Structure formats: C-alpha cells, structure tokens
Amino acid sequence: NAGVMQNPRHLVRRRGQEARLRCSPMKGHSHVYWYRQLPEEGLKFMVYLQKENIIDESGMPKERFSAEFPKEGPSILRIQQVVRGDSAAYFCASSPPVTGTDTQYFGPGTRLTVL
Amino acid sequence: GESVGLHLPTLSVQEGDNSIINCAYSNSASDYFIWYKQESGKGPQFIIDIRSNMDKRQGQRVTVLLNKTVKHLSLQIAATQPGDSAVYFCADASGNTPLVFGKGTRLSVIA
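Residues numbered from 1 in each chain as written. Chains lettered and ligands numbered in written order. Predicted model: local features only at pLDDT ≥ 70, side-chain atom pairs only at ≥ 80, totals over all residues. Heavy atoms only, no water.

## Here we look at the overall build of chain B
Next up, step 1: A count of helical and extended segments in chain B gives zero helices and eleven strands.
Next up, step 2: For chain B, the N- to C-terminal ordering of α and β elements is β-β-β-β-β-β-β-β-β-β-β.
Next up, step 3: Here the C-alpha radius of gyration of chain B, 13 Å, is about what a compact globule of 111 residues would show, namely 13 Å.
Next up, step 4: Classification of the 111 residues of chain B by burial places 43% in the buried group.
Next up, step 5: Across chain B, every contact between residues at least 6 apart in sequence was considered, and the portion connecting residues at least 24 apart equals 52%.
Next up, step 6: Counting every atom, chain B has about 5,500 Å² of accessible surface; 46% of that belongs to carbon and sulfur.
Next up, step 7: A gap of 1 Å separates the mean positions of the 10 positive and 9 negative side-chain charges of chain B. (Helix = DSSP H or I, 4+ residues; strand = E, 2+ residues; numbered from the N terminus. Rg over C-alpha atoms; globule rule 2.2 N^0.38 Å. Buried < 20%, exposed > 50% of the residue type's maximum accessible area, 1.4 Å probe, protein only. Contact = heavy atoms within 4.5 Å. Areas by Shrake-Rupley, 256 points an atom, 1.4 Å probe, with all protein chains shown as cover. Lys, Arg positive; Asp, Glu negative; His and termini not counted. Charge placed at Lys NZ, Arg CZ, Asp CG, Glu CD.)

Here is the structure:
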C-alpha cells in the first residue's frame, strides 16, 4: 500500500517562472492538504481539498497560488511568477474520507528553490 | 489565534537515556493531538496520537501524556537510540480545522 507520493522531489525555478507540485494521496484517501515549511520552522497550513472541491484555502496567499484536486489524477499546487520567498519545502498530506482531518499522512515533500 | 508550541527548540540526550519532549497548547476545546517525527529531508511521520478522553497512551518505546488542566502534553521516548534523532512536532488535530503545528524540537542523540 503506497503512501502519499509527491513529485518532483526537488524543483528549481527562476524568478517569474511557474512551479507545479503534484501529490497523489494514499489509496482510498479523498482528503488532501498542502503545507509549507520554511527552514527551521514548523509546517504551515495552506489549503485543504476534497475531490473537485476546495474546502479551506485560508492559509494560501491570495495571489499567484492555486490548488486543485480533480476527479481523476493528482492534486496540483501551482505557483505562478515565483519569487525567492517561495523557496520552501511543500508537503502534501492525505486522510481517509470518513474521519476528515483525523490522522493525516504526509508525503516526502517537494523542495522548491527559486533562483 | 490558537496555537501549539514547544518549550525547547533543541534537546540532546545520551543514547539509552529517556527523552521527554514537551508541548503546550492554548485552546481548551482542543481534543485530539498527534506527535510527528521529521527526519532530515523527509516528511513528518505519524508517531502516536491521543484524544482528550485519555491522559496517557503508550506505543512502542513512546508514551504520550496529556494534562488538560494545564493544557500540556509530552512525548516520552524510552531508551533513546541514534535513529530517534529528528525534529519532533506536536500538532493540534482537533475539530474541522487543519493541523496546527508547533515549531518543533530537535532531538540529538549522543552515542
């Protein structure tokens, strides 16, 4: 039973480019969460999605950031016109449909570096 | 807003000793907590959880204690091993809000 998968594991972008981060939840999980982690910091919530729905995006910047979780395929976190301050590790977590936010299981993360 | 936090940013222990990592929370309505372990370059890994109807829960070499009166929880690791070296986070997983993480405590095990 594969865990949460994220790709790419490392992503380098120049300022102004777009970054696309992908997350495939654990089998049977329909809830996906995205978190951002700066060095030596805890994880900060960004967005919570279910299939085809954004449930809570209160932690996501209003501009340049968007997220989706389509009916088929992985969840995508998209950052447009990246800036140096976007450099961070981005983690995806998933949880099963019944329990909602209980016990989230994390992927290995995508480390974004903006040059 | 509500928050969780950890008392110490770093903790060094001798191999074989017991480790205690503390965490305070501020929301008296919080009723579910999770401890995560994050090794360098990896995502957080679930260790153990506890609900507010319990004050103690044991796993393999780990014990979590919850004191609702003072809004404090701790993670105890018995016979600490080099493989336990990591950053440990407590997270408030209550209700319908996403996990709220503290900054973490870095545990270093001295061989």
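The discussion continues.
## Some points on the overall build of chain A
Next up, step 1: When helices and strands are counted, chain A shows zero helices and eleven strands.
Next up, step 2: The order of helices and strands in chain A, counted from the N terminus, is β-β-β-β-β-β-β-β-β-β-β.
Next up, step 3: Relative to the compact-globule value of 13 Å for 115 residues, chain A shows a C-alpha radius of gyration of 13 Å, a close match.
Next up, step 4: Per-residue burial over chain A gives 45% buried out of 115 residues.
Next up, step 5: Contacts in chain A between residues at least 24 apart in sequence constitute 54% of all its contacts with a sequence separation of at least 6.
Next up, step 6: In the structure as shown, chain A presents an accessible area of about 5,800 Å², 48% of it carried by carbon and sulfur atoms.
Next up, step 7: Distance between charge centroids for chain A: 8 Å, based on 16 positive and 11 negative side chains.

## Some points on the side chain of Asp84(B)
Residue and element names in this part refer to chain B.
Next up, step 1: For Asp84, the location among the structural elements is in the loop between β8 (72-77) and β9 (86-92).
Next up, step 2: On the basis of relative accessibility, which here comes to 7%, the residue Asp84 falls in the buried class.
Next up, step 3: What Asp84 contacts, discounting residues up to four positions off in sequence, is Lys37, Arg61, Ile77, Ala79, Leu107 and Val109.

## Description of the interface of chain A and chain B
Next up, step 1: Each partner contributes to the interface: chain A provides 18 residues, whereas chain B provides 22 residues.
Next up, step 2: Summed over both sides, the interface of chain A with chain B buries roughly 1,500 Å², with 51% coming from carbon and sulfur.
Next up, step 3: The interface formed by chain A and chain B holds zero salt bridges in total.
Next up, step 4: Summed over the shared surface of chain A and chain B, the result is five residue pairs in polar contact (both at pLDDT 80 or more). (Buried area = accessible area lost by both parts, 1.4 Å probe. Salt bridge = Lys/Arg side-chain N within 4 Å of Asp/Glu carboxyl O. Polar contact = N/O pair within 3.5 Å; in protein donor to acceptor, adjacent residues only side chain to side chain.)

## Some remarks on the state of the cysteines
Put plainly, a disulfide is one covalent bond tying together the sulfur atoms of two cysteines.
Next up, step 1: One pass over the full model with this rule turns up two disulfides over all chains.
Next up, step 2: Cys23(A) shares a disulfide with Cys92(A); S-S distance 1.7 Å. One quick way to see it: the torsion about the S-S bond of Cys23(A) and Cys92(A) is about -50°, and its sign makes the bridge left-handed. In this pair, Cys23(A) sits in strand β3 (residues 19-24) while Cys92(A) sits in strand β9 (residues 88-95), placing the two residues 69 residues apart along the sequence.
Next up, step 3: For Cys23(A), a relative accessible area of 1% gives the class buried.
Next up, step 4: Since its relative accessible area comes to 0%, Cys92(A) is described here as buried.
Next up, step 5: A sulfur-sulfur separation of 1.7 Å characterises the disulfide bridge that pairs Cys23(B) with Cys90(B). Judged by the sign of its S-S torsion, about 40°, the cystine formed by Cys23(B) and Cys90(B) is right-handed. (Disulfide = S-S within 2.5 Å.)

Any functional reading would require information that these geometric values do not contain.
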